[in-house]
Amino acid sequence: MTVNPNTLVRIFIAIFLVTISVLAFQVYQHAVFLQDQRKQLIHDYYDANVDDNVSYDLMIEEDLHKRKIRRSKISKMKSNIRRINLKQRVYNAEFLYGITNVTYIIVIQVHNDVYLFKQLLDSLRTAHSIASALLIFSHDVFETKMNQAVHTVNFARYMQIFYPYSIQLHPFVYPGVAYASDDKENTEKSKERDPVAAQKKLHWWWQVNQVFDNLSVTKNYTKTILFLQENDYVTEDFLIVLKLLEHVRGAHCPVCEIISLGAHSPEPGNYLNRTAVVALEIWAKNLPNIGIAFNRDIWHIIKGWSRDFCDFNDYTWENSLKYVGSQHMDINFYFTDIIASRVFRIECGKENPRCDLKRKLDDVKSFTQVIRHSLYPAILMLRIVKGKDYSVDALGSFQDERDRELCMYFTKNCVWY
């Protein structure tokens with residue numbers, strides 16, 4: 001078949017014009033961004049007492065240059081994150097073939113504490129049956145040292161996903177730390193919200209939606225998924241106990257929606273004679289969110305009440321989840337948990353500024369050695385526990401309508417970038 005040369009010329013011209021148009025639009029977007037940044041910088045640095053206009057202009061140009069460099073780095077990070085999220089690569093796949101219902105799936109929410117994260121990895125490394133687990137690391141910071149730590153995992157299959165609406169990727173606009181702008185309404189909103197606090201809830205909600213509904217490797221998985229944080233620390237038998245609690249829930253408390261491996265404070269008296277005291281109780285105010293797990297059926301129930309979760313004015317996902325339970329369940333969600341906790345959280349409360357995280361970590365490590373001979377339960381006891389306070393207090397920092405709508409956006413859409 002002979003192609004008319006004139007037709008080829010027309011096709012070439014059309015492709016050329018489209019390419020030029022795309023490039024011109026990108027240049028235009030970049031120019032608009034720089035113009036907006038200059039306006040914001042002038043607004044930020046404005047001082048009625050400044051007389052040295054030359055120094056003032058230099059200050060603005062220097063800061064603008066720094067932002068241009070940062071924007072270039074952010075663009076590269078976004079590109080890497082998009083590639084990783086879409087590829088969904090599972091590392092160490094040689095451990096076991098395929099993801100089945102005998103696989104343990106553990107989702108770990110990661111921020112930027114490399115030191116505590118490495119301690120969590122060390123505790124996971126020695127865990128019984130960890131080779132049959134899939135670890136899903138969900139990050140809200142793209143950072144070299146953290147990524148290097150993840151890639152030291154050689155004891156289980158793992159993969160990484162990255163929260164695409166992080167503060168790190170949006171430092172100048174919502175949902176990051178928004179600078180003042182000509183838009184008075186958005187400026188006032190930015191003053192009212194705490195981006196760091198809001199991100200904690202948004203990241204958790206995004207990861208749960210993605211893992212249950214939009215991740216290829218988990219699409220046929222129906223068993224319980226465990227949720228941890230970078231500052232958690234586990235005992236070597238935590239997966240054995242997780243399996244035990246799944247059995248207890250199925251046999252003795254099918255109405256219990258959530259399993260918890262860290263609901264109770266570590267007390268030496270709770271770890272005696274390899275006896276597991278399993279509690280069936282309602283999620284009370286004093287029970288934390290440490291080491292909770294639930295399956296796809298429970299997730300679909302929770303997701304059906306997304307609006308309540310997203311609109312609750314509390315930056316913590318656990319209080320928001322408790323609020324959902326208080327509105328739709330009989331008092332609240334029912335727990336199947338173990339009195340002798342298997343997951344410990346290394347953290348310092350705001351009320352204790354002198355707290356030493358290193359000492360807390362050392363205490364937890366020492367404690368796990370003390371109780372080591374009482375792990376791997378051989379005797380099972382059931383206990384019905386009645387809580388004293390089921391109230392849910394809203395801690396705030398989630399009243400901005402944009403946060404609530406972004407939360408709902410994650411509910412309704414597959415969001416990888």
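Residues numbered from 1 in each chain as written. Predicted model: local features only at pLDDT ≥ 70, side-chain atom pairs only at ≥ 80, totals over all residues. Heavy atoms only, no water.

- Looking at an unreviewed UniProt entry, one finds the chain named Alpha-1,6-mannosyl-glycoprotein 2-beta-N-acetylglucosaminyltransferase and attributed to Arctia plantaginis.
- For the chain, the Subcellular location (unreviewed entry) comment in UniProt is given as "Golgi apparatus membrane".
- A UniProt comment under Pathway (unreviewed entry) is attached to the chain, and it reads "Protein modification; protein glycosylation." (UniProt positions renumbered as here; feature names shortened; annotations may be inferred.)

1. As for empty space enclosed by the protein
Next up, step 1: Here the structure, examined in full by the defined rule, presents two cavities of 30 Å³ or more.
Next up, step 2: Elements with a contribution of two residues or more to the lining of the largest cavity: α6 (195–214) and β4 (225–229).
Next up, step 3: If one sorts the elements of the lining of the largest cavity by residue count, β4 sits on top with three residues.
Next up, step 4: If you add up the space inside the second largest cavity, you get close to 40 Å³.
Next up, step 5: Considering the residues around the second largest cavity, the lining is formed by Asn-270, Tyr-271, Leu-272, Arg-274, Thr-275, Ala-276, Ile-338, Ala-340, Arg-342, Ser-374 and Pro-377.
Next up, step 6: Here the residues of the lining of the second largest cavity sort into six nonpolar, three polar and two charged. (1 Å grid on protein atoms, 1.4 Å probe; cavity = no way out; pocket = protein on both sides within 12 Å on 5 of 7 lines; lining within 4 Å. Points joined across faces, edges and corners; volume = space filled by probe spheres on them. Helix = DSSP H or I, 4+ residues; strand = E, 2+ residues; numbered from the N terminus. Nonpolar A, V, L, I, M, F, W, Y, C, P; charged D, E, K, R; others polar.)

2. Quick word on the pattern of salt bridges
Next up, step 1: Scanning all chains against the criterion turns up ten salt bridges.
Next up, step 2: Across the pair Arg-342 and Asp-237 runs a salt bridge whose closest N-O atoms are separated by 3.0 Å. Residue Arg-342 is located in the loop between β9 (334–338) and β10 (343–345), and its partner Asp-237 is located in the loop between β5 (232–234) and α7 (238–252); the two are separated by 105 residues in the primary sequence. Exposure class is identical for Arg-342 and Asp-237. Each is buried.
Next up, step 3: Here the salt bridges share partners, and the residues they tie into one network are Arg-307, Asp-311 and Glu-405. (Salt bridge = Lys/Arg side-chain N within 4 Å of Asp/Glu carboxyl O. Buried < 20%, exposed > 50% of the residue type's maximum accessible area, 1.4 Å probe, protein only.)

3. Some thoughts on the nonpolar core
Next up, step 1: Ranked by internal contacts, the top residues of the largest apolar core, which has 44 residues, are Ile-136, Trp-204, Trp-205, Phe-294 and Phe-309.
Next up, step 2: Top element by residues in this core is α6. It accounts for eight residues.
Next up, step 3: Those residues in contact with Trp-205 that sit more than four places away from it in its chain are Trp-299, Ile-302, Lys-303, Ser-306, Phe-309, Cys-310, Cys-407, Phe-410 and Thr-411.
Next up, step 4: Listed in part, the 38 residues of the second largest apolar core include Ala-149, Leu-226, Val-234 and Ile-290. (Core = buried A, V, L, I, M, F, W, Y, C linked by side-chain atoms within 4.5 Å. Contact = heavy atoms within 4.5 Å.)

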